[in-house]
Protein chains: 2
Amino acid sequence: MEERIQRVKEQLHKASYKLTPQREATVRVLLENESDHLSAEDVYLKVKDKAPEIGLATVYRTLELLAELKVVDKINFGDGVARFDLRKEGAKHFHHHMVCMECGTVDEIEEDLLDDVEKRVEREFNFKILDHRLTFHGICHRCREE
Amino acid sequence: MEERIQRVKEQLHKASYKLTPQREATVRVLLENESDHLSAEDVYLKVKDKAPEIGLATVYRTLELLAELKVVDKINFGDGVARFDLRKEGAKHFHHHMVCMECGTVDEIEEDLLDDVEKRVEREFNFKILDHRLTFHGICHRCREE
DNA sequence: ATATATGCAAATACTTTGCACTCGG
DNA sequence: CCGAGTGCAAAGTATTTGCATATAT
């Protein structure tokens, strides 16, 4: 926890940004909810518990900044809301998701399934891949069992 | 062209919807711009040329309906705008995209690259895949050559 | 000290909805 | 004919921005 905060602090400083209490509180919320896929509003509400004076605009600005620094990845599952997902330690690529169309749960796939596919795309289309988004929509194992 | 309109008409009727002039004009715009990735607003402006009395709300409603019928797929590339992409003739799955971070162009990959990956996900996670979204972000061949 | 960051409120962007009117089948 | 569909304007969400003030380094 503390080490990861420390690392974010370094990343901020490297890009000459400051680690303000608001930014720290936001990162803590993201760390504490690592498996969720919080919207800016969700983050705001949780940060407000720790730091009630924070404004929604600051949360938006912080999340945008963290996305720029690749601390978080921004994703949109099709409802019109941007969600923010902490990048796993040492992960080179954004992980994948499975969205259940029945119960709405979002599960993660951490393993990189796209290695071969990406090599092929780079070769066939001469497209330099820097990032990807892969989401499956379907029925999760919990709903299937019913 | 006309055959594809005809097919959409049948799909509408099958689900007991009507083919109104507004809906037809919207489908025509989508057909005429098949390789683009138009937002609702884009579609609206183009439909307005053919049928100036149409309202933006009708375009939204029509696109929503067409998405439901799987005539179009709705996708969001990360800017906050929903885009609509005509499903290719006979395609079982939604095709993939490459978004250029330099010039913003979106290119399509029609070949289904995910066959093996999906078999694996279904097996490993017991997740029934009904749809997918795969987008690569990077530098397109045109920008690379400069 | 001072450039950067913040909070608030107002502005903007996108999308949905209510309702009276219209029209396709 | 009549329920489905439309246009318009108003309401909802989600997100961004301007600006005066506060603060991390």
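The rules behind each value
Residues numbered from 1 in each chain as written. Chains lettered and ligands numbered in written order. Predicted model: local features only at pLDDT ≥ 70, side-chain atom pairs only at ≥ 80, totals over all residues. Heavy atoms only, no water. UniProt positions renumbered as here; feature names shortened; annotations may be inferred. Helix = DSSP H or I, 4+ residues; strand = E, 2+ residues; numbered from the N terminus. Contact = heavy atoms within 4.5 Å. Polar contact = N/O pair within 3.5 Å; in protein donor to acceptor, adjacent residues only side chain to side chain. Near = heavy atom within 4 Å. Domains from an automatic or database assignment. Buried area = accessible area lost by both parts, 1.4 Å probe. Salt bridge = Lys/Arg side-chain N within 4 Å of Asp/Glu carboxyl O. Nonpolar A, V, L, I, M, F, W, Y, C, P; charged D, E, K, R; others polar.

Asker: For this particular structure, what's the right way to read the UniProt feature "binding site: Fe cation" (unreviewed entry) in chain A?
Answerer: Summarizing the sequence annotation, UniProt attributes the feature "binding site: Fe cation" (unreviewed entry) to His132(A) in the numbering used throughout. Mapping His132(A) onto the fold places it in strand E6 (residues 128–139). Excluding its chain neighbours within four sequence positions, the residues that come into contact with His132(A) are His93(A), Phe94(A), His96(A), Asp112(A), Leu114(A), Glu118(A), Thr135(B), Phe136(B) and His137(B). Here Phe94(A) takes part through its backbone oxygen, which lies 2.7 Å from a polar atom of the side chain of His132(A).

Asker: Please clarify how the protein's contact with DNA strand C should be interpreted in this entry.
Answerer: Within the structure, DNA strand C sits among 22 residues, and Thr20(A), Gln22(A), Thr58(A), Arg61(A) and Tyr60(B) are positioned closest to it. Expressed as a percentage, the sugar and phosphate content of the atoms of DNA strand C within 4 Å of the protein is 69%. A distance of 2.6 Å separates a phosphate oxygen of DNA strand C from a polar atom in the side chain of Thr20(A). A distance of 2.8 Å separates a phosphate oxygen of DNA strand C from a polar atom in the side chain of Arg23(A). Elements with a contribution of two residues or more to the surface near DNA strand C: helix H2 (21–32) and helix H4 (56–68) of chain A together with helix H4 (56–68) of chain B. With four residues, the single largest contributor to the surface near DNA strand C is H4(B).

Asker: Would you take a moment to explain the domain arrangement of chain A for this structure?
Answerer: The parts lose accessible area when they come together, and the size of an interface is often stated as this lost area. Residues and elements named next belong to chain A. For chain A, the domain assignment lists domain 1 (1–90) and domain 2 (91–146). Computed over C-alpha atoms, the centres of domain 1 and domain 2 are 22 Å apart. Between domain 1 and domain 2, the residue contacts involve 14 residues of the former and 14 residues of the latter. With both chains or domains summed, domain 1 and domain 2 bury close to 1,100 Å², and 51% of this area falls on carbon and sulfur atoms. Counting across the domain 1 and domain 2 interface gives one salt bridge. Residue Glu108 pairs with Lys88 through a salt bridge whose shortest N-O separation is 2.9 Å. At the surface where domain 1 touches domain 2, the tally comes to nine residue pairs in polar contact (both at pLDDT 80 or more). Elements with a contribution of two residues or more to the side of domain 1 that touches domain 2: strand E2 (72–76) and strand E3 (82–86). With three residues, the single largest contributor to the side of domain 1 that touches domain 2 is E2.

Asker: I tried to follow the interface of chain B and chain A on my own but got confused; where do I start?
Answerer: Each partner contributes residues to the interface: chain B has 33 residues there, and chain A has 33 residues. Summed over both sides, the interface between chain B and chain A buries roughly 3,100 Å², with carbon and sulfur atoms accounting for 64% of that surface. The interface formed by chain B and chain A includes two salt bridges. Here Glu111(B) makes a salt bridge to Arg120(A), at a shortest N to O gap of 2.2 Å. Across the contact surface, chain B and chain A share 14 residue pairs in polar contact (both at pLDDT 80 or more). Taken together, the residues of the side of chain B that touches chain A sort by class into 17 nonpolar, seven polar and nine charged.

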